[in-house]
Every structure is written in structure tokens, then in C-alpha cells.
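The primary structure of each chain is shown beneath.
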Amino acid sequence: MPDKKNSAIIGYSGHSLVVLEAAELMNLNVAYYCEKKQSSDNPFHLGYLGDEGSSSFDWNAVDHFILGIGDNKIRQKIAKLLQSKKKQILNILHPASIISNYASIGIGNFVAVNATINAFAKTANYCILNTGCIIEHECIIENGVHIAPGAVLAGNVSVGENSFVGANSVVKQGVVIGKEVIIGAGSVVIKDIPDHEVWAGNPAKKIK
């Protein structure tokens, strides 16, 4: 039986590897991973705990979980499952990230190396603030958002639930981005974007 003081990560490929390295630098004891099938590649030498979606999964094995899934909707779905089982979802905050003492961060978030979150920004739950992104003052990030590497949100930007802001994009101060929006890499967003749309370009325009 796994020791309850240990944590497990859900997902064990791609994005999860970056999360695991940050967790290691935080001195967290992540000992297990959850996947549908046991992985043949095990770079962090973790034990296999099983598939969290299986009816036979042992929910008493560990109390603390880390979200290692990059897909916004899947990450939220897993988070809801964990909450229904009354399990704690940990924040992973890379030691080389910069987070203002006046910023607010929810649960189950990943803040990557060199990411910056400035004063009075608010990040809800289950978000990814990826490598080198900048979240300026008073931004509001809703549940399940992914801000990709190098993206910049100027002050007072709002990003709706499950939206994705592509790598090296820039969002002008005060812009409101709706829910389930996709912004292509390298875009410059200078006006509000409604829900469920795909935008790209400089300046960014609706493409879908």
C-alpha cells in the first residue's frame, strides 16, 4: 500500500514531465503516476498507481494529487473527479517563477519557470501559466485556462474559462477574452474576443 504522505500525478507524458521537474525542485515527494496503461518510459522512476477513471482505482492510496494534463477540458474533468473524492489538488509553483505577494492563486495550478504574476492578478483553478509568460497587474484568469510560453497579458486583461493563449502572443491592456477561446501563437490581441472563437494574427482576427 503506498504511503499516504506521497503524492501522485495524473498523466505521465509531455506536459507532466515539466510539472514533475518543478515539483521535484519544490522538494515534493511525488512517488506515483496515474495513466490508463503503465508507461514503458519512466524517467522519474515513479510507481504506477493505475487509471483514476477505473472503477477499481484505490482512492485510499494517496491523498494529494497533481494535474499533469495539458488539455484544458480534460484537466477540469479530472479536477472535478478528484474533488468528488475529496482529494487535495496541489499547486505546482516553480521556484524560479515570480509571484507577487498581492496576487491570488487558486488550486491545482501550474506556474512554470520564469513565469511572472504581478500585483492583484487573480488566477482561478486548474490553470497552466507556462514558461516565461507574463500576467500583469489585475488580470483575471478563470478556471482551466492555459497561457502558453512567452505570452504577455497586459494589465486588467480577463481570460474566460478553458481558453488558450498561444505562445508569444500579446494581449492589450483591458481586453476581455471569452471562454473556450483559442488564440494562435504570436498573435497581437487589441480588442475583446467573444466566447468559443479562434483568433490569430497581428492584429489578431477571427479565423474560426
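Residues numbered from 1 in each chain as written. Predicted model: local features only at pLDDT ≥ 70, side-chain atom pairs only at ≥ 80, totals over all residues. Heavy atoms only, no water.

(A) Local environment of the packing of aromatic side chains. Scanning the model with the defined rule gives five aromatic pairs in all. Summarising the aromatic geometry, the rings of Trp59 and Phe65 are spaced 5.8 Å apart at their centres and angled 55° between planes, so their arrangement reads as tilted. As far as burial versus exposure is concerned, Trp59 and Phe65 are alike and both buried. These aromatic residues form a ring-pair network of at least three members: Tyr12, Tyr33 and Tyr48. (Phe/Tyr/Trp six-rings, centres within 6.5 Å; stacked < 30°, edge-to-face > 60°. Buried < 20%, exposed > 50% of the residue type's maximum accessible area, 1.4 Å probe, protein only.)

(B) Summary view of the sheet that holds strand β2 (residues 30-34). The strand order across the open sheet formed by five strands is β3-β2-β1-β4-β5, and the pairing between neighbours is parallel. This sheet does not close on itself; its edge strands, each paired only once, are β3 (47-50) and β5 (88-89). The pairing of strand β1 (residues 7-10) with strand β4 (residues 64-67) spans four bridges and is parallel. The partner of Ser7 across the bridge, within β4, is His64. Here helix α2 (residues 72-84) sits on the sheet and contacts β1, β4 and β5; the angle it forms with β4, its principal contact strand, is near 170°. (Pairing = 2+ DSSP bridges. Helix = DSSP H or I, 4+ residues; strand = E, 2+ residues; numbered from the N terminus. Contact = heavy atoms within 4.5 Å. Axes fitted to C-alpha atoms, helices over the stretch in contact; angles between N-to-C directions.)

(C) Summary view of α2. Taking 1.5 Å per residue, 13 residues should reach 18 Å; α2 reaches 19 Å between its end C-alpha atoms and fits that length. Where the residues of α2 are buried, they touch β1, β4, β5, β12 (128-129), β15 (146-147) and β18 (164-165). One side-chain oxygen of the residue at the start of α2 lies 3.2 Å from the amide nitrogen of Lys73, identifying that residue as Asp71. Looking one or two places after α2, you find Lys86, whose phi comes out positive at around 60°. (Expected span 1.5 Å × (residues − 1). Polar contact = N/O pair within 3.5 Å; in protein donor to acceptor, adjacent residues only side chain to side chain.)

(D) The pattern of salt bridges, seen in detail. Inspection of every chain in the model, using the stated rule, returns three salt bridges. Between Lys73 and Glu180 there is a salt bridge; the shortest N-O distance is 3.4 Å. Of this pair, Lys73 sits in helix α2 while Glu180 sits in the loop between β20 (176-177) and β21 (182-183), placing them 107 residues apart in sequence. (Salt bridge = Lys/Arg side-chain N within 4 Å of Asp/Glu carboxyl O.)

(E) How the structure looks around the sheet that holds strand β16 (residues 152-153). Within the open sheet, the six strands sit side by side as β7-β10-β13-β16-β19-β22. Their pairing is parallel. In this open sheet, the two edge strands, each paired with only one partner strand, are β7 (98-99) and β22 (188-189). Relative to strand β13 (residues 134-135), strand β10 (residues 116-117) runs parallel, the two sharing two bridges. Bridge assignment links Thr116 to a residue of β13, and that residue is Ile134.

(F) Highlighting helix α1 (residues 15-25). Those residues of α1 that sit buried are His15, Ser16, Val19, Leu20, Ala22 and Ala23. Across the axial projection of α1, the buried residues extend over an arc of 165°, all falling on one side. Immediately beyond the C-terminal end of α1, within one or two residues, lies Asn27, with a positive phi of roughly 65°. (Arc of directions from axis to C-beta.)

(G) Spatial organisation of the environment of Tyr126. The residue Tyr126 is located in the loop between β11 (122-123) and β12 in this model. Sequence separation between Tyr126 and Ile66 is 60 residues, and the spatial gap between their C-alpha atoms is 9.9 Å. Apart from residues no more than four positions distant in its own chain, Tyr126 is found in contact with Leu67, Arg75, Gln76, Ala79, Gln83, Ile89, Ile107, Gly108, Asn109, Gly144 and Val145.

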